Amino acid sequence: MADYPKRNDEKNADELLIGRNPITEALSSGRPIIKIMVAKGQTTGPAVEISAKARKAGIPVQEVGRKKLDFLTGGAAHQGVAAQCAMKAYATVDDILALAEERGEAPFIIILDEIEDPHNLGAIIRSAECAGAHGVIIKKRHAAGLTYTVYKAAAGALEYVPVARVNNISDTIELLKEQNIWVYGADMNGEDYCKTNFSGGVALVIGNEGKGISRLVREKCDVIVSLPLKGRINSLNASVAAGILMYKIAERR
């Protein structure tokens, strides 16, 4: 049976598998894993084998200092390796498109370009469910996954909204365009969102909390839309901006 560290605060409540055997079994069973964390400096042994299996399965592997791994695992005997597991299995982009077809609706998809804050991710998933979106697409690397914190912030929405995880956002956008889906990026210096025609198939791209949408992703968008800012600061929280735009899209649909 897997060993779990004792948790004293909500921030660290994300589920971890600790030690070689539990993680090896999880990889063999196909359990959804967000990332594998391996202590730095290991060049031989089971941890290296686990890293190789994880990379082959497309699971990100992160090298961390042993002291950090000790802290993350609450002092448990981690044997140099730990895995952060998803609270729910990931869907595919095809699953999201199939759900739209099943409902007889034009696809309405939210694409998140490296959203890192799990509270933001959970809030966006919650808003997506309420606004009638068919699914959310996130990136495998440099982004929050479906951890306990996300599950809690989503307030039950993860039971109804499929979340797909992809290697490359730009390539995914190209695939969606082939399905006659228009892609709208939320960023500064775009057209007024109130004047935008969001009819038909829609994919809304929300960028990273600090950097916004990456240059390559922005170039793939059909339209850049902006929210007017009347105050002195120049940006909104990512989940707030996403919620406003999702409901405008729902209104136009």
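Anyway, here's the lowdown on the structure attached to this text. In this text, all values refer to a predicted model and were calculated from it rather than measured experimentally. (Residues numbered from 1 in each chain as written. Predicted model: local features only at pLDDT ≥ 70, side-chain atom pairs only at ≥ 80, totals over all residues. Heavy atoms only, no water.)

**With respect to the overall build of the chain**
Across its full length, the chain carries nine helices and 10 strands. By the compact-globule yardstick of 18 Å for 253 residues, the chain fits well, its C-alpha radius of gyration being 19 Å. Its C-alpha atoms give the chain principal-axis dimensions of roughly 60 × 45 × 30 Å. Put simply, of all contacts in the chain between residues at least 6 apart along the chain, 78% involve residues at least 24 apart. For the chain, the accessible surface area stands at approximately 13000 Å², while carbon and sulfur atoms represent 48% of it. Side chains of the chain give 32 positive and 30 negative charges; the mean places of these two sets differ by 6 Å. (Helix = DSSP H or I, 4+ residues; strand = E, 2+ residues; numbered from the N terminus. Rg over C-alpha atoms; globule rule 2.2 N^0.38 Å. Contact = heavy atoms within 4.5 Å. Areas by Shrake-Rupley, 256 points an atom, 1.4 Å probe, with all protein chains shown as cover. Lys, Arg positive; Asp, Glu negative; His and termini not counted. Charge placed at Lys NZ, Arg CZ, Asp CG, Glu CD.)

**Some thoughts on the nonpolar core**
Membership of the largest hydrophobic core comes to 39 residues, with the highest contact counts inside it found for Ile-110, Leu-112, Ile-125, Val-136, Ile-206 and Met-246. Of all the elements in the fold, those that place two or more residues in this core are strand E5 (108-113), helix H5 (118-131), strand E6 (135-139), strand E8 (181-192), strand E9 (201-207), strand E10 (223-226) and helix H9 (238-252). At six residues, the largest contribution of residues to this core is made by H9. In this structure, Leu-112 is in contact with Leu-121, Ile-124, Val-136, Ile-137, Ile-138, Lys-139, Ile-169 and Ile-206, ignoring residues within four places of it in sequence. Listed in part, the 19 residues of the second largest apolar core include Ile-137, Ile-173, Val-205 and Val-217. (Core = buried A, V, L, I, M, F, W, Y, C linked by side-chain atoms within 4.5 Å. Buried < 20%, exposed > 50% of the residue type's maximum accessible area, 1.4 Å probe, protein only.)

**Some points on the sheet that holds E5**
Read across the sheet, six strands follow the order E7-E6-E5-E9-E8-E10 without closing on themselves; strand pairing throughout is parallel. The open sheet has two edge strands with one neighbour each: strand E7 (163-166) and E10. For this sheet the average axis-to-axis angle between neighbouring strands, irrespective of direction, equals 30°. With five bridges connecting them, E8 and E9 associate as parallel partners. Following the sheet pairing, Ile-181 is matched in E9 by Gly-201. Contacts between helix H4 (residues 93-103) and the sheet are confined to E5, E6, E7 and E8, with E6 contributing the most and set at about 165° to the helix. Here H9 sits on the sheet in contact with E5, E8, E9 and E10, set at roughly 165° to E9. (Pairing = 2+ DSSP bridges. Axes fitted to C-alpha atoms, helices over the stretch in contact; angles between N-to-C directions.)

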